[in-house]
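A structural walkthrough
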Amino acid sequence: MGTCMTNVMTILIEGVLTPMTKFDDDTKVKIQPWPGVGKNLLIQITTVLGTAHDQIFSYNPPVVLSSTQASTVGGDITIYGYNFGPLATVAQAYIRGATCSSASVSTAHTGVTCRVSPGVGQSLNATVCVGSQCGSAAVFKYAAPTITSVSTANTDGSTLVTIQGTNFGPNGTAATVKISNRSCTGVYVSSHTKITCKPPVGTGANLVLKVTVGAQTVQSSFSYSAPTITSVSPANTNGAERTFIVGTNFGPNSSFVAVNISGVQCNGLTVNHTTISCVPTAGTGKNNPVVVRINGQSATSTFTYRAPVVNSATSTNTTGGTTTITGSNFGNLSPKIKVKIGGTVCSSCVIASAHTQIQCTSPVGTGQNTTVEVNCSSLVGSKSVFSYLPPTISSASPTHTDRSSKTFISGTNFGITAGGIAVTINGKSCTDLAIVTQHVTISCLPPVGVGNSLPVSVTVSQQTVLKSVFSYTAPSITNAAASFNGSYYNIILNGDNFGSADSVANVSVRIGSASCSQARITVPHQQIQCTLLGGNASAVSLSLFPFGSGSPGTAYCSSCLKFDGPVLYSASSVPTDGHTPTIIAGLRLGLSPTVWINGKQCENVSSNANQTSLTCYPAVGVGKGLPVLVSSTVNVTAPIFSYEGMFFLCSNNHPNNLHSTLCYCW
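For the structure given in this document, a descriptive report is provided here. As a convention, each chain's residues are numbered from 1 in the sequence order in which they are written. Residue-level local features of this predicted model are given only where pLDDT is at least 70; pairs of side-chain atoms are given and counted only at 80 or more, and the full residue set underlies all totals for whole chains, interfaces and linings. Excluding hydrogens and water, the side-chain values take into account all heavy atoms of the structure.

1. Thoughts on the overall build of the chain
- Along the chain, the regular secondary structure elements total 0 helices and 62 strands.
- The atom set for the radius of gyration is the C-alpha atoms, and the globule formula is 2.2 Å times the number of residues raised to the power 0.38. The C-alpha atoms of the chain give 70 Å as radius of gyration, which overshoots the globular expectation for 666 residues (26 Å, by more than 25%).
- Split into buried and exposed, the 666 residues of the chain put 42% on the buried side.
- Note on contacts: a residue pair qualifies if any of its non-hydrogen atoms lie within 4.5 Å across the two residues. Within the chain, contacts between residues at least 6 apart in sequence are counted, and of these 53% link residues at least 24 apart.
- Only carbon and sulfur atoms are counted for the fraction: they give 52% of the accessible area of the chain, which is about 30600 Å².
- Note that His is not counted, nor are the chain ends; the positive residues are Lys and Arg, and the negative ones are Asp and Glu. By convention, the charge on Lys lies at NZ, on Arg at CZ, on Asp at CG and on Glu at CD. Averaging the locations of the 30 positively and 17 negatively charged side chains of the chain gives two centres separated by 5 Å. We count a stretch as a helix when DSSP gives it H or I for four or more residues in a row; a strand needs E for two or more, and each element gets its number in order from the N terminus. Any residue under 20% of the maximum accessible area for its type is buried, any over 50% is exposed, and the rest in between are partly exposed; the area is computed with a 1.4 Å probe on protein chains only. Using the Shrake-Rupley algorithm and a 1.4 Å probe, accessible areas are obtained, with residue cover drawn only from the displayed protein chains.

Rendered as structure tokens:
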């Protein structure tokens, strides 16, 4: 605009002829600049007068309206707006003040293309400069981050989370990661596609994870590593012992933890990342399902109650009876209990006291330290703790000494078969064993022997009882005989149950009060002989002493023996003063007889070995034809003694007398 504009001939902008339009009004002229850019451009106006008038002209500055986005690795972008100039216009472009290289007008006036450097962010200033004029607007953003995968991590925060995706920015880009609004630490962008960080301690699955880079946030889900179970310790059946579940990723506490065993909650939880302990309810069995649930995640395993422990069992008779088995981990349900004693089923099993006592009926049997096997829900415990009551002996019937008959032993707990039984009587085996009445009576053939109250030993399956109850049939004497052999009597006793020489420790025979020496069994069980120097008794006492313990077998015969009495031949005369011994001749006078002369005892009696003479000192006296009484086996009297004097005593009884009359002077 100006004056005399009708005189304008040409208008040049920066030396370039510019089309114009004149108006009738000489105050203005309209020009149509060529497409271009710039400011403070020189306008040269030439009039008809040739006068040049210089003016200043500027294209409108560029205006930025929008921009395409780029991934965080950088790349070509187009900034849109207007006043960018025609194609091939030299342009400069900047993103957040940093050069966007290779900028050029790619779309006349409205688009500039350039190559942005790696980065992150949104609403970043995009600046386009053309012809020394710039325009900018916060229209550029890098592509928002995306997440393709998120690794799990341990609940204790000891392992890194790896986040894979895109547009995380170049190495070292600042970023934040949050899991359920709790920050991860040590966040490190290692590349446009990977971020690592250390998660907070926690538990759970499908937790919200947010990654923010360059003020752009992307959301995904994160799960802590699922719990794993490596072992579950057993616990007692009574519900009073803790089980310990060992594994990983159980979390820091029990807040989100629940444990079920066979569908029943396990109580009293204590939790750390690797161990859970809790108290199972009372129960039995093995491979019970275990489910550990932790904040939306779970792990399974199996749990086994402790096997039964057998401590003791009460004894029963061999006929069977109620035994009480004491121990632990028996449970509290009778139908789940099975018991065997010595491999045989124990019937009528019941839980007498929950978890600690079982009662059942033992099978028929014998023995001690027999194995008790308790099966509780297929878990087995055993121990050799059961013993049948040992045998007892109440009586044993007597038998003959010659082993001709059996003894019958009565008692208890003998069992039902003779195979496991051994019997001794006075230390020697009783053979041909047989069960007469199961459990209560056995029979056997005793050894040859004698005696009373002899010890009987009965062993049943290594259990032994000893009692002195057996007696052999008492000996009996049917007759006795005595024969004189010139110096002593040989005594023969005939009878029964005398035993044998090797079964009798000692034979004692007394004839009256005199001991019969060298007593011995000459015919087993039937005859005994002994030697007696002299005597006059008819009573015989017999004692047969057994070996070992026990009392002897005895027999007594009051009048079964008869002796041939002494025979008197002569007696020498002696002075009346009693200081001279008389010599009495005869037969069977005995070794220590008693002698009376005329009713007075003759002192200091002595006999010769063959009992044909004896000497003694008569009392002071006088007389002839006085009676001499010799008391030995029997009493005999003869008037054969005279004191010395003027009288004659004659006897013709001496068998060696060669004369018809033997006379002594008195």
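2. Structural notes on unusual backbone geometry
- With a phi angle near 60°, Asn329 is a residue other than glycine that sits in the positive phi range.
- With respect to the secondary-structure elements, Asn329 resides in the loop between β32 (322-328) and β33 (337-341).
- Classification of Asn329 as buried rests on a relative accessible area of 4%.
- A positive phi is found at Ser378, a non-glycine position, where the angle reads about 75°.
- Take Ser378: it is sitting in the loop between β36 (370-376) and β37 (379-386).

3. Here's the deal with the sheet that holds strand β27 (residues 267-271)
- Pairing between strands is defined by DSSP: at least two bridges between them are needed. If you walk across this open sheet you meet the 4 strands as β23-β24-β28-β27, and the pairing is antiparallel. Unpaired on one side and paired on the other, β23 (228-232) and β27 mark the two borders of the sheet. Here the average twist between neighbouring strands, direction ignored, is 25°.
- Pairing between β23 and strand β24 (residues 243-248): 4 bridges, direction antiparallel. Bridge pairing in β24 links Thr228 to Thr248. Axis definition: a line fitted to C-alpha atoms, limited for helices to the stretch in contact. Angles are taken between N-to-C directions and run from 0 to 180 degrees.

4. Quick look at the environment of Asn608
- Examined against the element boundaries, Asn608 turns out to sit in the loop between β57 (603-607) and β58 (613-617).
- With a relative accessible area of 24%, Asn608 lands in the partly exposed category.
- When the C-alpha positions of Asn608 and Gly590 are compared, they lie 8.8 Å apart, and in sequence the two are 18 residues distant.
- Ignoring sequence-local partners within four residues, the contact set of Asn608 consists of Leu591 and Ser613.

5. As for the state of the cysteines
- In this description, the term disulfide denotes a pair of cysteine sulfurs within 2.5 Å. Inspection of the entire model under this criterion finds 8 disulfides.
- A sulfur-sulfur distance of 1.7 Å marks the disulfide that ties Cys129 to Cys134. Residues Cys129 and Cys134 share a disulfide whose torsion about the S-S bond is about 110°; that sign makes it right-handed.

6. Some points on the sheet that holds strand β19 (residues 185-191)
- Within the open sheet, the 4 strands sit side by side as β15-β16-β20-β19. Their pairing is antiparallel. Of all strands in the sheet, those with a lone pairing partner are β15 (146-150) and β19, marking the two edges. Neighbour-to-neighbour, the strand axes of this sheet turn through a mean angle of 25°, independent of strand direction.
- Sheet topology places β19 next to strand β20 (residues 194-198); 4 bridges connect them, and they run antiparallel.

7. Some details on the side chain of Ser67
- You can see Ser67 is positioned in strand β7 (residues 63-67).
- A relative accessible area of 17% means that Ser67 is categorised as buried.
- The contact partners of Ser67, leaving out residues within four places of it in the chain, are Ile77, Thr78, Ile79, Tyr80, Val139 and Phe140.

8. With respect to the pairing of strand β40 (residues 421-425)
- Where burial is concerned, the two faces of β40 differ: the one with Ile421, Val423 and Ile425 is buried and the one with Ala422 and Thr424 is not.
- One ladder, built from 5 bridges, connects β40 with strand β44 (residues 454-460); its direction is antiparallel. Opposite Thr424, over in β44, you have Ser457 as the bridge partner.
- Adjacent in sequence and paired antiparallel, β40 and strand β41 (residues 428-429) are bridged by 2 residues, among which Asn426 carries a positive phi angle near 55°.

Honestly, that's just the spatial picture; any functional story needs more than this.
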